[in-house]
Amino acid sequence: MLESRAYRRRIEKRIRVGNTAPPSLVGMSLLQPVSTARRPVRTSAVPVLPVLAAVVALLTAVGCSAPAVASTPAPPVPASPAPETPGGHPSRERLAQDPPELRGRADDALDVADGHLPDGATIADDDYPAVSRLDPHLRAALRAASTDAGIEFRVNSGWRSPAYQEQLLDEAVATYGSRTAAARWVATPATSPHVSGDAVDLAGYRATAWLAGHGARYGLCQVFRNEPWHFELRPGAVERGCPRQYADPTHDPRMHR
Ligand SMILES: [Zn+2]
């Protein structure tokens, strides 16, 4: 079947991509502005030891406790979320990332009926359960936004069967080493908004960037800062704007039911 060949190519491509670097490390690289902001201390022209001795003497003289001048290691950089652009929208780098939850190996037993989608599927493709089993209000909002934006909204993932979600979770545990670490990216079948048909992962920077700026007027909101491609319906956003995003799914109370 053409579909299954295309699907296999997609999976092979994703496996190759997944082998290059775990998404968590991709995210870490975005912390670079923090570390590169530290300029190396210039020591060439100033003799260091006499200066340190003078500082120690001075601090001792004014009654300070032991000076932590040279031997204390720098505190670790906290695992903060990736930086946002000044407007509060995710950076282009983040929007361009592929959903890591879909970079795994495919099980041939699972197919389109479980929510797999071929490359290029759009929000208009009702033939695929991943699209047709989405909440009708979410699907309608996405279609209206797509029309108004003049952008075809391609879908990486929409509704998923519990079996598909379980498979993704198993793969994430294998990739990240523990269920706790995997929970930052993949929910359980019982808690995933994909399984209930309430979430969609879009492909492509244009659609994601457009919705990041205009989605609220359709009730379409990004929910997790580490998943800028993931949108859910928040009807109240039409009047009040989208709620504050969670850093990642582990901060979402729905994931702790
Ligand atoms: Zn998602």
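The structure under discussion appears in the preceding block.
The structure presented is a predicted model; accordingly, all values stated were derived computationally and were not measured. (Residues numbered from 1 in each chain as written. Predicted model: local features only at pLDDT ≥ 70, side-chain atom pairs only at ≥ 80, totals over all residues.)

Undergrad: Can you break down the overall build of the chain residue by residue, with the values?
TA: Regarding its fold elements, the chain presents eleven helices and four strands. Taken across its 257 residues, the chain has 31% of its residues classed as buried. A separation of at least 24 residues holds for 65% of the contacts in the chain among residues at least 6 apart in sequence. (Helix = DSSP H or I, 4+ residues; strand = E, 2+ residues; numbered from the N terminus. Buried ≥ 20, exposed ≤ 12 C-beta atoms within 10 Å, placed from the backbone. Contact = placed C-beta atoms within 7 Å.)

Undergrad: Can you explain the nonpolar core? Please cite residues and give values.
TA: In a soluble, globular protein the nonpolar side chains are often hidden away together inside. Grouped together as the largest cluster of nonpolar side chains are 30 residues, with contacts concentrated most on Val131, Ala141, Leu142, Val155, Val200, Leu202 and Leu220. Those elements that provide at least two residues to this core are helix 6 (129-132), helix 7 (136-149), strand 2 (199-203), helix 10 (205-214), strand 3 (220-222) and strand 4 (230-233). Of all hydrophobic cores here, the second largest spans nine residues; its members include Leu168, Ala172, Ala182 and Ala183. (Core = buried A, V, L, I, M, F, W, Y, C linked by C-beta atoms within 7 Å.)

Undergrad: How would you summarise the pairing of strand 2 if you had to cite specific residues and measurements?
TA: Of all five residues that make up strand 2, five are buried, and the element is covered over most of its length. The alternating pattern of strand 2 places Ala199, Asp201 and Ala203 on one face and Val200 and Leu202 on the opposite face, and all of these are buried. Relative to strand 2, strand 1 (residues 154-157) runs antiparallel, the two sharing three bridges. Residue pairing for strand 2: Ser157 is matched across the bridge by Asp201. Here strand 2 pairs with strand 4 via three bridges, running antiparallel. From the neighbouring strand, Val200 faces strand 4, where its bridge partner is Phe231. (Pairing = 2+ DSSP bridges.)

Undergrad: Tell me about the environment of Gly115, and name the residues and values.
TA: Among the structural elements, Gly115 can be located in the loop between helix 5 (92-95) and helix 6. Sequence-wise, Gly115 and Ala130 are 15 residues apart; in three dimensions their C-alpha atoms are separated by 4.4 Å. Setting aside chain neighbours within four positions, we find Gly115 in contact with Pro129, Ala130, Ser157, Gly158, Trp159, Arg160, Ser161 and Tyr164.

Undergrad: Give a detailed account of the sheet that holds strand 2, specifying residues and quantitative values.
TA: The antiparallel open sheet is built from four strands, whose spatial order is 1-2-4-3. Looking at the sheet topology across the chains shown, the edges are occupied by strand 1 and strand 3. The average undirected angle you get between the axes of adjacent strands in this sheet is 45°. Relative to strand 4, strand 3 is paired through three bridges, and the arrangement is antiparallel. (Axes fitted to C-alpha atoms, helices over the stretch in contact; angles between N-to-C directions.)

Undergrad: Tell me what's going on with helix 7, and back it up with residues and numbers.
TA: For helix 7, built from 14 residues, the straight-helix expectation of 20 Å at 1.5 Å per residue is met to within 8% by its first-to-last C-alpha distance of 20 Å. Buried within helix 7 are the following residues: Leu138, Arg139, Ala141, Leu142, Ala145 and Ser146. The arc that holds every buried residue of helix 7, seen down its axis, measures 160°, which confines them to one face. Exposed residues pointing more than 90 degrees away from the buried face of helix 7 are listed as Pro136, His137, Thr147 and Asp148. In the core, the buried residues of helix 7 are packed alongside helix 6, strand 2, helix 10, strand 3 and strand 4. Phi for Gly150, located one or two positions after helix 7, is positive at around 70°. (Expected span 1.5 Å × (residues − 1). Arc of directions from axis to C-beta.)

Undergrad: Talk me through the environment of Ala212; I want residue IDs and the actual numbers.
TA: Checked against the element boundaries, Ala212 lands in helix 10. Through-space distance from the C-alpha of Ala212 to that of Phe231 is 9.3 Å; in sequence the pair is 19 residues apart.

Undergrad: Outline helix 10, listing residues and values.
TA: Listing the buried residues of helix 10 in full gives Ala207, Thr208, Leu211 and Ala212. What you see down the axis of helix 10 is that its buried residues fit within an arc of 130°, all on one side.

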